[in-house]
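# Observations on the model geometry
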Amino acid sequence: MSIDFCGLRLAHPVINGSGTFDALAAERAFGESLCEAFPFAAFVSKTITLEPREGNPPPRLWEAPAGLINSIGLPNKGLDGYLSEELPRLAELLARAGARQGQPLALITNVMGSTAEELSRLVEACDLRAEIAGVELNLSCPNVKTGLDIGADPGQLGEVLQAVRAHTGKPLIVKLTPNTADVPACAQAAQDAGADAVSLINTLRAMALAPRASAGARRPWLGGGSGGLSGPAIRTVALAQVAAVAERVSIPVVGMGGVQTAAHARGLLDAGATLVAVGTESFRDPAAARAIARELAPPGTPG
Amino acid sequence: MSQAPFARRLLTVAAIEALGAYRVLRVADPDAPQPQPGQFAMLAAAERWGGGEDERPYLPRAFSIARHAGGESHFLLEDVGPGTRRLSELRAGDRMWALGPLGQGFTPPGEGRRAILLGGGVGIAPLAILQDELQVSTTVLLGFRDRAHAQGAALLDGARLATDDGSSGHHGLVTELLAADLERDPHAVVYACGPPAMLEVVRALCAEHGTPAQLALEAGMACGFGACFGCVVPARGGGYLRVCLDGPVIDAAELERVEEPGAYGPEGRAGAGAESPTEPGAGRAR
């Protein structure tokens, strides 16, 4: 089973959600055994921004009913740090893991910027690097003027994407936010502005209050105030949004949200997704995506 | 550091034994790599993990490996939240998941320095395996809130005790024992694990005496292998350290101060240093 995704050949339809798997950290923890059983058919980096970010002050996590609220704040070394320090190591790791699997593993770099100019600079830099096979745009960043997430408004999304599109011929994936009124309209705007694919759903905006008995009682628990909900709690929301988007657009859809089993992945594929991403489940079981991919493969396929 | 296999292991509980206010969970774990003292594992029950009150626990919980011998891994449990409660209910023959050993452990003291092992509450766990493996004689100082908890001291040999209520040993903080000890002879390395407030006193005392200290921290943690970026603590000089990857054992010199860790629930403060979810009041045991 080999899958075509925007011209990339993937061995199976399971990838990771951006920011849910740090391959370089995993290699420190698991060593060569990570390469022997690398779980994803393509690897999506965490979000890279122009400038380095430390991330939000802790606490950053809250265990929610059947899920997790996170407020990590996109810590990253910034574009220059990513390109000079992380990208070569990531590419080398993926090459090694790909060789062990007998197939190349595509690297997709996720970037976020608050303006078309910022995003264009990020995308152009990615375009110049042969190690990067595709770019995913994180548009869950507020417009400085309107305060509205760029990706939450179809008009704004289309405008920004049109500007960015000109800077790369590589596959461009738009990550859609679920925190908006009309997700299919945003997907349509992405397609019309030249996106090669859309991915969804990002986390749902959520909040937890500090326990009443604690020092910070009745105030938001997370250092960043609110956060994003992921995990099984959002699976049915993801299914509805993926189905609605797949119905609306003709470009490939990457479906994600609460996938824990091959059956959950099949559900998203049946709803019209070309690929599925595993995110929070990797926190519980780092090799979860591998088991899912194996179970999705037709019998007799080498795993 | 020992690296973990890239897979959770489905294990069988060999026994669960009461130890005062704690339980020692003994798990048949023959395929585990030999852990370095101070390393931890992410644990979850194989059945009924989730679906409880408030649909928790959902994420695995981080626990220091208290011992690894004879094909068994030992963990020290205190029932303080939905995760520890579920694990405390396990019985011999029950199945559970484990991922590990993870993280950076303790490193041996340099030539000629003695080792002081200082633990608070359930934070004594990683000191047990450390004492097993250190080739030098150790001074062991342990603090607990009361007599029931102080029975946990049986995990280590030759401990001097402090309790908050004076029911066992010194009536007061275990860090007062450390202060007196360092006053006599600061030429030591301090290995400490316990509540953040205790660790902060240890850090400050050791800095004052020029004594190196290795602190096993706890922090809210979803994954245990650097994926979630949730378990960070502020580093000296800015930025954050990931407790799971850069720790849980961190040289005290790398920290400006030890702060209350990030957590993921009123009872869900995952801690690699000691046990995963610790209760808000655990800070009293010092």
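Residues numbered from 1 in each chain as written. Chains lettered and ligands numbered in written order. Predicted model: local features only at pLDDT ≥ 70, side-chain atom pairs only at ≥ 80, totals over all residues. Heavy atoms only, no water.

## Points about the overall build of chain B
Looking only at helices and strands, chain B features 6 helices and 16 strands. Taking 19 Å as the expected radius of gyration for a compact globule of 286 residues, we find that chain B reaches 17 Å, a close match to that expectation. In chain B, which comprises 286 residues, the proportion classed as buried is 62%. Counting contacts in chain B only where the partners sit at least 6 residues apart, residues at least 24 apart contribute 65% of the total. Carbon together with sulfur atoms contributes 47% to the accessible area of chain B, which is approximately 9600 Å² in total. (Helix = DSSP H or I, 4+ residues; strand = E, 2+ residues; numbered from the N terminus. Rg over C-alpha atoms; globule rule 2.2 N^0.38 Å. Buried < 20%, exposed > 50% of the residue type's maximum accessible area, 1.4 Å probe, protein only. Contact = heavy atoms within 4.5 Å. Areas by Shrake-Rupley, 256 points an atom, 1.4 Å probe, with all protein chains shown as cover.)

## Points about the packing of helix α4 (residues 174–184) of chain B against helix α5 (residues 196–209) of chain B
Residues and elements named next belong to chain B. Where α4 meets α5, the axes come as close as 10 Å, and the angle between the chain directions of the two elements is 10°. On the basis of the axis angle, α4 is roughly parallel to α5. Where α4 approaches α5, its residues Val174, Thr175, Leu178, Ala179, Leu182 and Glu183 are matched on the opposing element by Met198, Val201, Val202, Leu205, Cys206 and His209. Its residues placed into classes, the contact of α4 with α5 shows 9 nonpolar, 2 polar and 1 charged. (Axes fitted to C-alpha atoms, helices over the stretch in contact; angles between N-to-C directions. Parallel < 35°, antiparallel > 145°, perpendicular 65-115°, else oblique. Nonpolar A, V, L, I, M, F, W, Y, C, P; charged D, E, K, R; others polar.)

## With respect to helix α6 (residues 183–192) of chain A
Residues and elements named next belong to chain A. Burial of α6 is extensive: 8 of the 10 residues sit out of reach of the surface. Of the residues making up α6, those classed as buried are Val183, Pro184, Ala185, Cys186, Ala187, Ala189, Ala190 and Gln191. Of the surrounding elements, those touching the buried residues of α6 are α5 (154–165), β9 (172–175), β10 (197–200) and α7 (235–248). One side-chain oxygen at the N-terminal end of α6 lies 3.2 Å from the backbone nitrogen of Ala185; it belongs to Asp182. Gly194 sits one or two residues past α6 and shows a positive phi near 105°. (Polar contact = N/O pair within 3.5 Å; in protein donor to acceptor, adjacent residues only side chain to side chain.)

## Quick word on the interface of chain B and chain A
Quoted interface sizes are often the accessible area lost when the parts come together. Contact with chain B, which involves 40 residues of that partner, is made by 46 residues of chain A. Broken down residue by residue, the surface that chain B buries against chain A is led by Phe6, Tyr58 and Phe225 of chain B, which jointly contribute 27%. Counting across the interface, chain B meets chain A through 5 salt bridges. With its nearest N and O atoms 3.5 Å apart, the salt bridge here joins Arg28 of chain A to Asp246 of chain B. Among the secondary structure elements, those contributing two or more residues to the side of chain B that touches chain A are β7 (95–102), β15 (240–242) and α6 (243–246) of chain B. (Buried area = accessible area lost by both parts, 1.4 Å probe. Salt bridge = Lys/Arg side-chain N within 4 Å of Asp/Glu carboxyl O.)

## A word on the environment of Val174 of chain B
Residue and element names in this part refer to chain B. Position of Val174 among the secondary structure elements: in helix α4. Owing to a relative accessible area of 0%, Val174 belongs among the buried residues under this scheme. Measuring from C-alpha to C-alpha, the distance between Val174 and Ala207 comes to 17 Å, with 33 residues separating the pair along the chain.

## Here we look at the packing of aromatic side chains
For the structure shown, the criterion picks out 10 aromatic pairs over all chains. Arranged with centres 5.1 Å apart and planes meeting at 65°, the rings of Phe30 of chain A and Phe6 of chain B form a pair that is edge-to-face. Of this pair, Phe30 of chain A sits in helix α1 (residues 23–30) while Phe6 of chain B sits in the segment before β1 (9–19), which puts the two residues in different chains. The buried category is assigned to Phe30 of chain A, whose relative accessible area is 2%. (Phe/Tyr/Trp six-rings, centres within 6.5 Å; stacked < 30°, edge-to-face > 60°.)

## So, the sheet that holds strand β7 (residues 106–112) of chain A
All names here are of chain A. Pairing is parallel in the open sheet, where 8 strands are placed in the order β3-β14-β13-β10-β9-β8-β7-β4. The sheet terminates laterally at β3 (14–16) and β4 (42–48), the two strands that pair on one side only. Across the sheet, the axes of successive neighbouring strands diverge by a mean angle of 25°, strand direction being ignored. Of the strand pairs in this sheet, strand β13 (residues 253–256) and strand β14 (residues 275–278) are connected by 3 bridges, and their pairing is parallel. Within β14, the residue paired with Val254 across the bridge is Leu275. (Pairing = 2+ DSSP bridges.)

## Description of the packing of α1 of chain A against helix α3 (residues 78–101) of chain A
Relative placement of two packed helices is described by the angle separating their axes and the distance separating the axes. Residue and element names in this part refer to chain A. Where α1 meets α3, the closest approach of the two axes is 10 Å, and the angle between their N-to-C directions is 60°. On the basis of the axis angle, α1 is oblique to α3. Remark: the crossing between α1 and α3 carries left-handed chirality. Judged by residue contacts, Ala23, Leu24 and Glu27 of α1 engage Glu86, Arg89, Leu90, Leu93 and Arg96 from α3. Of the residues assigned to the contact of α1 with α3, the class counts are 4 nonpolar, no polar and 4 charged. (Left-handed = near helix turned anticlockwise from the far one by under 90°.)

## So, the pairing of β10 of chain A
Residues and elements named next belong to chain A. The side-chain alternation of β10 yields two buried faces, one formed by Ala197 and Ser199 and the other by Val198 and Leu200. As paired strands, β9 and β10 are joined by 3 bridges and run parallel to one another. Across the sheet, Val174 pairs through a bridge with Val198, a residue of β10. Relative to β13, β10 runs parallel, the two sharing 3 bridges. Along β13, the bridge assignment pairs Leu200 with Gly255.

## What about the nonpolar core?
Grouped together as the largest cluster of nonpolar side chains are 137 residues, with contacts concentrated most on Phe30, Leu137, Val174 and Leu176 of chain A together with Leu215 of chain B. It is α3 of chain A that provides the largest number of residues to this core, a total of 8 residues. In terms of domain composition, this core takes at least three residues from each of domain 1 (9–102) and domain 2 (114–266) of chain B. Once you skip the residues sitting within four places of it in the chain, Leu137 of chain A turns out to touch Val111, Leu119, Val123, Leu161, Val164, Leu172, Ile173, Val174 and Lys175 of chain A. One finds Phe106, Val140, Leu142 and Val189 of chain B within the second-largest nonpolar core, a separate group that totals 27 residues. (Core = buried A, V, L, I, M, F, W, Y, C linked by side-chain atoms within 4.5 Å. Domains from an automatic or database assignment.)

## Here we look at the sheet that holds β1 of chain B
Residue and element names in this part refer to chain B. Spatially, 7 strands are ordered β4-β3-β7-β1-β2-β6-β5 in an open sheet, and the strand pairing comes out antiparallel. Looking at the sheet topology across the chains shown, the edges are occupied by β4 (61–64) and β5 (67–69). Between one strand and the next, the sheet's axes are offset by a mean angle of 35°, whatever the strand orientation. The sheet contact formed by strand β3 (residues 40–45) and β7 spans 5 bridges and is antiparallel.

## Side note on the side chain of Ser114 of chain A
All names here are of chain A. Within the secondary structure, Ser114 is located in the loop between β7 and α4 (116–127). The exposure class of Ser114 is buried, given its relative accessible area of 17%. Side chain to side chain, Ser114 and Glu118 meet in a polar contact 3.1 Å long. Leaving out residues up to four positions away in the same chain, Ser114 has contacts with Cys141, Pro142 and Ile150.

## Some words on the domain arrangement of chain B
Residues and elements named next belong to chain B. Each assigned domain of chain B is listed here: domain 1 (9–102) and domain 2 (114–266). The straight-line distance from the C-alpha centre of domain 1 to that of domain 2 is 21 Å. Contacts between domain 1 and domain 2 engage 25 residues on the former and 29 residues on the latter. The junction of domain 1 with domain 2 conceals about 2200 Å² of combined surface from both sides, 65% of it contributed by carbon and sulfur atoms. When the shortest N-O distance is used, the salt bridge between Arg67 and Asp132 registers 2.6 Å. Here domain 1 is connected to domain 2 by 8 residue pairs in polar contact (both at pLDDT 80 or more). Looking at the side of domain 1 that touches domain 2, the elements with two or more residues in it are β2 (22–28), β3, β4, β5 and β7. The biggest single contributor to the side of domain 1 that touches domain 2 is β4, with 3 residues. Its residues placed into classes, the side of domain 1 that touches domain 2 shows 16 nonpolar, 5 polar and 4 charged.

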